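What the coordinates show
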Amino acid sequence: MQTPSPCDLLIRAGILVTQDVQRTVHFDGGLAIGQGLIIASGPWSEVSAAHRAPQTLDLSRRLVLPGLVNTHTHAAMTAFRGLADDLPLMDWLTDHIWPVEARLAPEIVYAGTLLACAEMLASGTTCFGDMYLFEPDSARAVQRMGMRAVLGEGVLSFPTRAYDTPQQAFEHIETFTGSMRDSLLVRTAVAPHAVYTTTPEVLQDSFALAERLDLPWMIHAAESASETAECLKQFGKRPVPYLADLGLLTPRSLLVHMVDIDETDIRLVAESGAGVSHNPRSNMKLANGFCPVQQLMDAGIPVALGTDSAGSNNCLNMLAEMKAMALLQKVHRADPTVTKAASVLDAATLGGAHALGWPELGRLAPGSAADLTALDLDHPGLLPLYEPVSHTVYSATGAEVRLTMVAGNIVYQDGQFPALPQDELNGLATLLKQWALDKTADDRRVFA
Ligand SMILES: [Zn+2]
């Protein structure tokens, strides 16, 4: 018999959903972790015989799955959770969001992002893609919480609180990207806001920057019928052909929303290799319509999942978002057999890793990141259990998450965040609320 090889940590999992190439699920599974990576993944008997570690984590009453990847949010907008609901998009933005964002400051972004990270870790998300202002301050929060993120400073053609011109934004992104070069947890992206808040030149310059720095390029695209109407009026094209004609649909591109689209749009995206971030609950709450995500997947388009912000979704819970993705497509297609649980879990894990250009995420197989979450198999809402992937997509609400790990470190366990005590979390919420309710706004439109 071979001597066991050393590793940092062994985990015994009651059920281990690996999301490996074969989508293997192990009952009584095991993981060996070393230097923040998965060294071995398989039946506990094999993994524990082949490895030894100074400690073993007993998750034998847990369903362990890869940490979920939320591909689109504006994390700091937790400040707006529940501030104004049940309004049309433009009324919500102009009357409630923009007047407050006109006073946006680095410390608000830091506080709001800490709160967002806490919410995401407690509901099984280990990495997120972000688009906002003052992203270096988001990075401080992400690193403190021990989470991962791909942070895209928003690019707009008008002045913001963070910079006055798009050129300054580009310089800012380049400096920020350089400062994150050695970070294991934070990567950067280029994130022009939308076709209606940028000029064609700014879009093309932003893409050239993404190419030069080899970063993901992400944009809100075809979110609503009013966006399409505006794009047609300004540029004589629908948003997707407009982006295609500018040369901006490539495998580097991540199109967020893709609700108001037609057959030509789908063909253009499928031919380009661009990915889509599907945000079903934001689309529903703003009544923007249905993203035909099953049709996108059938066309071979890489699909990922995102929550959008706590402003337009009110929570950043990927377990709830997965269920919404499946149910919304079934309603949209009037067909309960479409958008099966396994394809939804793929979008929330492997799809997210692809969309953010981070292939080590989204699976628990040798060489991948030791990013995982563990659901309580004794929770009444998960009993009885026939099929683990079904429970993950259709039954789990987030309340079952007992532990979340990033790069081999426990970052959430049983209601506690090692990096953020509860009294500080409550203090952050008080700070954000006071800021949001302060009526002394100036008139600079900032972000949405
Ligand atoms: Zn968004």
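All values derive from a computational prediction rather than experimental measurement. (Residues numbered from 1 in each chain as written. Predicted model: local features only at pLDDT ≥ 70, side-chain atom pairs only at ≥ 80, totals over all residues. Heavy atoms only, no water.)

Our next topic: the domain arrangement of the protein. Assigned domains of the protein: these are domain 1 (5-66 + 362-413) and domain 2 (68-355). Placing a centre on the C-alpha atoms of domain 1 and another on those of domain 2 gives a separation of 29 Å. Facing the 27 residues of domain 1 at the interface are 29 residues of domain 2. A combined buried area of about 2,000 Å² lies between domain 1 and domain 2, and 64% of that area is made up of carbon and sulfur atoms. Here domain 1 and domain 2 share two salt bridges between them. The closest approach of N and O atoms between D346 and R23, which form a salt bridge, is 2.9 Å. Taken together, domain 1 and domain 2 are joined by eight residue pairs in polar contact (both at pLDDT 80 or more). Counting residues per element, the ones that place at least two in the side of domain 1 that touches domain 2 are strand 6 (56-66), strand 15 (372-376), helix 15 (388-395), strand 16 (401-406) and strand 17 (409-413). Broken down by element, the side of domain 1 that touches domain 2 gets its largest block of residues, five residues, from helix 15. (Domains from an automatic or database assignment. Contact = heavy atoms within 4.5 Å. Buried area = accessible area lost by both parts, 1.4 Å probe. Salt bridge = Lys/Arg side-chain N within 4 Å of Asp/Glu carboxyl O. Polar contact = N/O pair within 3.5 Å; in protein donor to acceptor, adjacent residues only side chain to side chain. Helix = DSSP H or I, 4+ residues; strand = E, 2+ residues; numbered from the N terminus.)

To continue, consider the nonpolar core. Counting 113 residues, the largest nonpolar core has F128, L203, W217, L243, L255, V269 and M322 as the members making the most contacts within it. Looking at this core element by element, the count peaks at 11 residues for helix 3 (residues 106-122). Looking at this core, you find at least three residues from each of domain 1 (5-66 + 362-413) and domain 2 (68-355). Those residues in contact with V269 that sit more than four places away from it in its chain are V240, L249, L255, M258, A274, V276 and I301. Ranked by size, the runner-up nonpolar core spans 16 residues in total, among them L16, L31, A370 and M405. (Core = buried A, V, L, I, M, F, W, Y, C linked by side-chain atoms within 4.5 Å. Buried < 20%, exposed > 50% of the residue type's maximum accessible area, 1.4 Å probe, protein only.)

Applying the stated criterion to the full structure yields four aromatic pairs. Ring centres 5.8 Å apart and planes at 65 degrees place the aromatic pair F80 and W435 in the edge-to-face group. One end of the pair, F80, is in the loop between strand 7 (68-73) and helix 2 (89-101); the other, W435, is in helix 16 (residues 422-437), with 355 residues separating them in the sequence. A residue is classified by how much of its surface remains accessible, and W435, at 10% relative accessible area, is buried. An angle of 80 degrees between the planes, with centres 5.4 Å apart, marks the rings of F207 and W217 as edge-to-face. In this pair, F207 sits in helix 6 (residues 200-213) while W217 sits in strand 11 (residues 217-221), placing the two residues 10 residues apart along the sequence. Residue F207 is classed as buried on the basis of its relative accessible area, which comes to 7%. Taking NZ or CZ as reference, R140 lies 4.1 Å from the ring centre of Y110, over its face. (Phe/Tyr/Trp six-rings, centres within 6.5 Å; stacked < 30°, edge-to-face > 60°. Lys NZ or Arg CZ within 6 Å of the ring centre and 35° of its normal.)

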